[in-house]
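Listed here are the chains, written in short residue letters.
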Amino acid sequence: MSKPELNVFHQAIPLSQIRYDERGLVPAIVQDYLDGTVLMMAWMNRESLQKTLDTGETWFWSRSRAELWHKGATSGHIQKVRSLRYDCDSDALLVGVEQVGDIACHTGERSCFHQLDGEVVPPPADTLSQLFSVICDRRDNPAEGSYTCQLLAAGDNKILKKLGEETAEVVMACKDDQPEAIASEVADLLYHTLVALAHHHVDLKAVYCKLQERRR
């Protein structure tokens, strides 16, 4: 008995509704399920989409080899599917994944979309992740005159003191019911929290994972 509606992610994906092109293919955009980074784009046909749903890992259709391929089968960088959506026209897929090894591109980069004006640059993610990346870079490559570097060099005493101060300022802004001040003070608090994470070598993704667990 066929299982066209079965989905290992506990989502209802009506396969019959997906609109494939004249070659029987549909584009699949793959993104990190935590920070939204676009990792790659590949093609799926009905069979590869069904295998993706059945196994919980991404399968695609290779146009050049005319065969199915299991992402990470040789490299070990498999993609564990956490969500799968289709767009308003049902002719494109958005696949949220946990990228094993944090490498999606065959070049060894995190994302296939790593080139900008001929330079290799980190792919864009959510604002907190991008800020955390900058803070970690300051930690690993100190820059003279950087406030972040000064905080990191001072260590826990300075970092924790600032966390306490910023927390108090958030409380006061909320107490005064000042929306603009609340947004500003929360931004300061988030920044100093990210500095604390970087100082203790705790990845921001670990925090995101905790939040995802609590959502479930």
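The structure under discussion appears in the preceding block.
Residues numbered from 1 in each chain as written. Predicted model: local features only at pLDDT ≥ 70, side-chain atom pairs only at ≥ 80, totals over all residues. Heavy atoms only, no water.

## A closer look at the overall build of the protein chain
To keep it simple, the criterion reads: Each helix corresponds to a stretch of at least 4 residues labelled H or I by DSSP, and each strand to a stretch of at least 2 residues labelled E; elements are numbered beginning at the N terminus. The globule rule used for comparison is 2.2 Å times the number of residues to the exponent 0.38, while the radius of gyration itself is calculated over C-alpha atoms. Partly exposed describes any residue whose relative accessible area lies between the buried limit of under 20% and the exposed limit of over 50%, with all areas from a 1.4 Å probe on protein chains only and scaled to the type maximum. The contact rule is simple, with two residues in contact once any of their heavy atoms fall within 4.5 Å. The Shrake-Rupley method, run with a 1.4 Å probe sphere, supplies the accessible areas, and residue values consider only the shown protein chains as cover. Just so you know, the count uses Lys and Arg for positive and Asp and Glu for negative, and it drops His and the chain ends. Lys charges are placed at NZ, Arg charges at CZ, Asp charges at CG and Glu charges at CD.
Helices and strands together make up the secondary structure of the protein chain, namely 6 helices and 8 strands. Its helices and strands in sequence order give the protein chain the pattern β-β-α-β-β-β-β-β-β-α-α-α-α-α, from N to C terminus. Here the C-alpha radius of gyration of the protein chain, 21 Å, is well above what a compact globule of 216 residues would show, namely 17 Å. Dimensions of the protein chain, computed from C-alpha atoms along their principal axes, come out at roughly 60 × 40 × 30 Å. Burial analysis of the protein chain (216 residues in total) assigns 37% to the buried set. For the protein chain, the proportion of contacts with a sequence separation of at least 24, taken over those separated by at least 6, is 52%. For the protein chain, the accessible surface area stands at approximately 12800 Å², while carbon and sulfur atoms represent 54% of it. In the protein chain, 23 side chains carry a positive charge and 32 a negative one; their mean positions are 6 Å apart.

## Digging into the sheet that holds strand β2 (residues 38-44)
Put simply, the rule is: At least two DSSP bridges between two strands are required for those strands to pair. Structural elements are reduced to axes, namely lines fitted to C-alpha atoms, with helices fitted over the stretch in contact, and the angle between N-to-C directions of any two is expressed from 0 to 180 degrees.
Read from one edge of the open sheet, 4 strands run β2-β1-β6-β5, paired in mixed fashion. One side of each edge strand has no neighbouring strand; the edge strands of this open sheet are β2 and β5 (79-86). Direction aside, neighbouring strands of the sheet carry axes that sit 25° apart on average. Contacts between helix α1 (residues 46-55) and the sheet are confined to β2, β5 and β6 (93-99), with β5 contributing the most and set at about 120° to the helix.

## Details of the packing of aromatic side chains
Condition: Pairing of aromatic rings covers Phe, Tyr and Trp, the last counted by its six-membered ring, and requires centre-to-centre distances within 6.5 Å; plane angles under 30 degrees mean stacked, over 60 mean edge-to-face, and any other angle means tilted. The criterion for a charge sitting over a ring is simple: Lys NZ or Arg CZ within 6 Å of the ring centre, and within 35 degrees of the ring normal.
For the structure shown, the criterion picks out 2 aromatic pairs. Ring geometry for F60 against W69: centres 5.1 Å apart, planes inclined by 40°, an arrangement best described as tilted. Residue placement shows R23 over the ring face of W43; its charged tip is 4.8 Å from the ring centre. Across from the ring centre of W59, 4.4 Å away, lies the NZ or CZ of K51, which sits over that ring.

## Things to note about the packing of helix α2 (residues 127-140) against helix α3 (residues 147-154)
Let me state the cut-off plainly: For classification purposes, an angle smaller than 35 degrees is called roughly parallel, one larger than 145 roughly antiparallel, one from 65 to 115 roughly perpendicular, and anything else oblique. Should the near helix be turned anticlockwise from the far one by less than a right angle, the crossing is left-handed, and should it be turned clockwise, the crossing is right-handed. Gly is put with the polar residues, along with every residue not named as nonpolar or charged; the nonpolar set is Ala, Val, Leu, Ile, Met, Phe, Trp, Tyr, Cys and Pro, and the charged set is Asp, Glu, Lys and Arg.
Running from N to C, α2 and α3 cross one another at 60°; their axes reach a closest spacing of 9 Å. Judged by the angle between their axes, α2 and α3 are oblique. Between α2 and α3 lies a crossing of right-handed hand. Residues I135, R138 and R139 of α2 lie in contact with α3, whose contacting residues are T148, C149 and L152. For the contact of α2 with α3, the class distribution of residues is 3 nonpolar, 1 polar and 2 charged.

## Topic: the pattern of salt bridges
What counts is decided by this rule: Here, a salt bridge means any side-chain nitrogen of Lys or Arg that lies within 4 Å of a carboxyl oxygen of Asp or Glu.
If you walk through the whole model with that rule in mind, you get 13 salt bridges. The partner of R82 in a salt bridge is E98, and the shortest N-O contact between them spans 2.2 Å. With R82 in strand β5 and E98 in strand β6, this pair connects stretches of sequence that are 16 residues apart. The class for R82 is partly exposed, based on a relative accessible area of 40%. On the accessibility criterion, E98 (26% relative accessible area) is partly exposed. Here D102 makes a salt bridge to K205, at a shortest N to O gap of 3.3 Å.

## Observations concerning the pairing of β6
Each regular strand shows side chains that alternate between the opposite faces of the sheet. Extensive coverage of β6 is indicated by the burial of 5 of its 7 residues. In terms of strand pairing, strand β1 (residues 26-32) meets β6 through 5 bridges, oriented parallel. Its bridge partner lying in β6, I29 is registered against L94. Examined bridge by bridge, β5 and β6 share 7 bridges and lie antiparallel to one another. Note on β6: the bridge partner recorded for R85 is L94. Between β5 and the antiparallel strand that follows it, β6, lie 6 residues; S90 among them carries a positive phi value of about 60°.

## Examining a nonpolar patch on the surface
This is how it is decided: Surface patches are drawn from residues lacking salt bridges whose relative accessible area is over 30%; two like charges belong together within 9 Å, two nonpolar side chains (Val, Leu, Ile, Met, Phe, Trp, Tyr) within 5 Å.
Residues I29, V38, M41 and F113 make up a contiguous nonpolar surface patch of about 320 Å² in total accessible area. The residue F113 is located in the loop between β6 and β7 (115-116) in this model.

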